[in-house]
Amino acid sequence: MLDFETPVLKQYPIIPLIQPGVMAHSKPYVAKPEIQGKIGFPEELVENWQEVAIKKMGELVSKSRALRVFLDSCVKCGACTDKCHYFLGTADPKNMPVARQDLFRDVYRRYFTFAGKYFPKLVGAKEMDKEMLDDWYSYFHQCSQCRRCSVYCPFGIDTAEISMAAREILDSVGVGQKYCNEIIGKAQTIGNNLGLREPALLDTLEGLEEDIEEETGVVVRLPLDQKNADILLVTPSADFFAEPHVDGLIGYAKVFHAAGLSWTLSSHASEAANFGMFIGSHENMQILAMRIRDAALDLGVKRIVFGECGHAWSVAYNFLNTLAGPFDFLDPNYPVPQHICEVTYDLIQRDLLTLDKSANDDKVLTFHDSCNIARG
Ligand code: SF4
Ligand code: SF4
């Protein structure tokens, strides 16, 4: 049971949202065989899964120096313990970022360090057994890879990277997560997470054009697949479906229109979010990233701008160039990718966007990074 009297927890008292320990055996649904197979993973737990898991871990730690550094450098200072929303919500000690990392670290030590191989008990090294596999599935899927804990770690240890590696290993032995893997399959075949096909996208955009005209009396276009536009806007498909009126497509369209920018959306790259990151699969991340590159080339745009989504931005900013670059066919005067907030800020700075301050007379000065745009 968690000791609430430790100095860190006394300093930042925790009020668990649910009873401690209740989530201990909580697991997301395991992906069905056909979902796994569709995106290139074994359909179910392979017979020699321990061997496959250790081999995959070996590949990952030899390929990623960052991962090795993260595994080797934790001093158990505890600064990260109360920084994870899963821990705050569940008060389950295994949801502390350091404990989550240790699930991976203990196995890494057992198979890839001298001390762990010969004196496992002395260094807390553990076997990759079925109990460990189940713990991995439960706790690495209770990490949203938000990177909040890494901001507070004096060594910058990034639990998200460790979670990504663990999930990649889980997928490689045939135990994937239903939600992410089903979405990846849809995005790879249709182009977006919601499975919206071109006619549905077009229909939404036409409806939004009518709404804007009705509201403002101004004809504002929301183009799809327009060749030779300057900007390719890549935005989460949720913007088409869930919240187009609140902060999504209508807002973007108004900004581009007011600033006189030429832009387009793409039916081929109609998804900014890249769920490949959530399962740590480089190959799957690359397939989605390449759709954006292909759309940019096909449409002949000069810039790529990402709409609002912290996760999408995190993948784009950190990985898009590695996954799908070089983008030497784009205008070198703009970064690749660019965030819609950067575009808007730049337009305001250059007086290309005039704001009616009287429309918002309450001053609000606040910075939230709940969606991890800044950390991304
Ligand atoms: S990356 Fe976010 S969700 Fe994952 S352990 Fe750290 S704080 Fe928790
Ligand atoms: S803050 Fe960093 S060094 Fe300290 S326990 Fe957490 S991961 Fe380890």
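Keep in mind that this is a model prediction, so the values were computed, not measured.

## Remarks on the site of ligand 1
Inference 1: The immediate surroundings of ligand 1 are formed by 13 residues, with Cys84, Cys143, Cys146, Arg147 and Cys149 found nearest.
Inference 2: Put simply, the parts of the chain that give the shell around ligand 1 at least two residues each are α5 (85-90) and α6 (97-112).
Inference 3: Its residues assigned to classes, the shell around ligand 1 shows 6 nonpolar, 4 polar and 3 charged.

## A few points about the pattern of salt bridges
Inference 1: Taken as a whole and assessed by the stated rule, the structure comprises 17 salt bridges.
Inference 2: Between Asp82 and Lys83 there is a salt bridge, with its nearest N and O atoms 2.7 Å apart.
Inference 3: Residue Asp82 is classed as buried on the basis of its relative accessible area of 5%.
Inference 4: Exposure remark for Lys83: the relative accessible area of 11% places this residue in the buried category.
Inference 5: Within this structure, Lys56, Glu59 and Glu168 form a network of salt bridges that share partners.

## Notes on the nonpolar core
Inference 1: Ranked by internal contacts, the top residues of the largest apolar core, which has 36 residues, are Phe104, Met128, Trp136 and Ile162.
Inference 2: Elements with a contribution of two residues or more to this core: α3 (49-63), α4 (65-72), α6, α8 (130-140) and α10 (159-173).
Inference 3: One finds Cys180, Val234, Ala272 and Phe319 within the second-largest nonpolar core, a separate group that totals 35 residues.

## Some details on the side chain of His141
Inference 1: Here His141 shows up in the loop between α8 and α9 (148-152).
Inference 2: Look at His141 and you get buried, because its relative accessible area is 12%.
Inference 3: In terms of polar contacts, His141 uses its side chain to reach the backbone carbonyl oxygen of Tyr137, at 2.7 Å.
Inference 4: Once you skip the residues sitting within four places of it in the chain, His141 turns out to touch Pro28, Trp136, Arg167, Leu170 and Gln177.

## What to know about a nonpolar patch on the surface
Inference 1: Together, Phe114, Tyr118, Phe119 and Leu122 make up an exposed nonpolar region whose accessible area comes to about 540 Å².
Inference 2: As for its position among the elements, Phe119 is in the loop between α7 (114-118) and α8.

## As for the domain arrangement of the protein chain
Inference 1: Per the domain assignment, the segments making up the protein chain are domain 1 (7-176) and domain 2 (213-355).
Inference 2: Relative placement of domain 1 and domain 2: their C-alpha centres are 33 Å apart.
Inference 3: At the interface, 10 residues of domain 1 touch 11 residues of domain 2.
Inference 4: For the pairing of domain 1 and domain 2, the buried interface totals around 830 Å² over both sides, and the portion due to carbon and sulfur atoms is 48%.
Inference 5: Between the two partners, domain 1 and domain 2, sit 0 salt bridges.
Inference 6: On inspection of domain 1 and its partner domain 2, the count reaches 4 residue pairs in polar contact (both at pLDDT 80 or more).
Inference 7: Considered class by class, the residues forming the side of domain 1 that touches domain 2 number 3 nonpolar, 2 polar and 5 charged.

Rules used throughout
- Residues numbered from 1 in each chain as written.
- Chains lettered and ligands numbered in written order.
- Predicted model: local features only at pLDDT ≥ 70, side-chain atom pairs only at ≥ 80, totals over all residues.
- Heavy atoms only, no water.
- Near = heavy atom within 4 Å.
- Helix = DSSP H or I, 4+ residues; strand = E, 2+ residues; numbered from the N terminus.
- Nonpolar A, V, L, I, M, F, W, Y, C, P; charged D, E, K, R; others polar.
- Salt bridge = Lys/Arg side-chain N within 4 Å of Asp/Glu carboxyl O.
- Buried < 20%, exposed > 50% of the residue type's maximum accessible area, 1.4 Å probe, protein only.
- Core = buried A, V, L, I, M, F, W, Y, C linked by side-chain atoms within 4.5 Å.
- Polar contact = N/O pair within 3.5 Å; in protein donor to acceptor, adjacent residues only side chain to side chain.
- Contact = heavy atoms within 4.5 Å.
- Patch = residues over 30% accessible without salt bridge, like charges linked within 9 Å, V, L, I, M, F, W, Y side chains within 5 Å.
- Areas by Shrake-Rupley, 256 points an atom, 1.4 Å probe, with all protein chains shown as cover.
- Domains from an automatic or database assignment.
- Buried area = accessible area lost by both parts, 1.4 Å probe.

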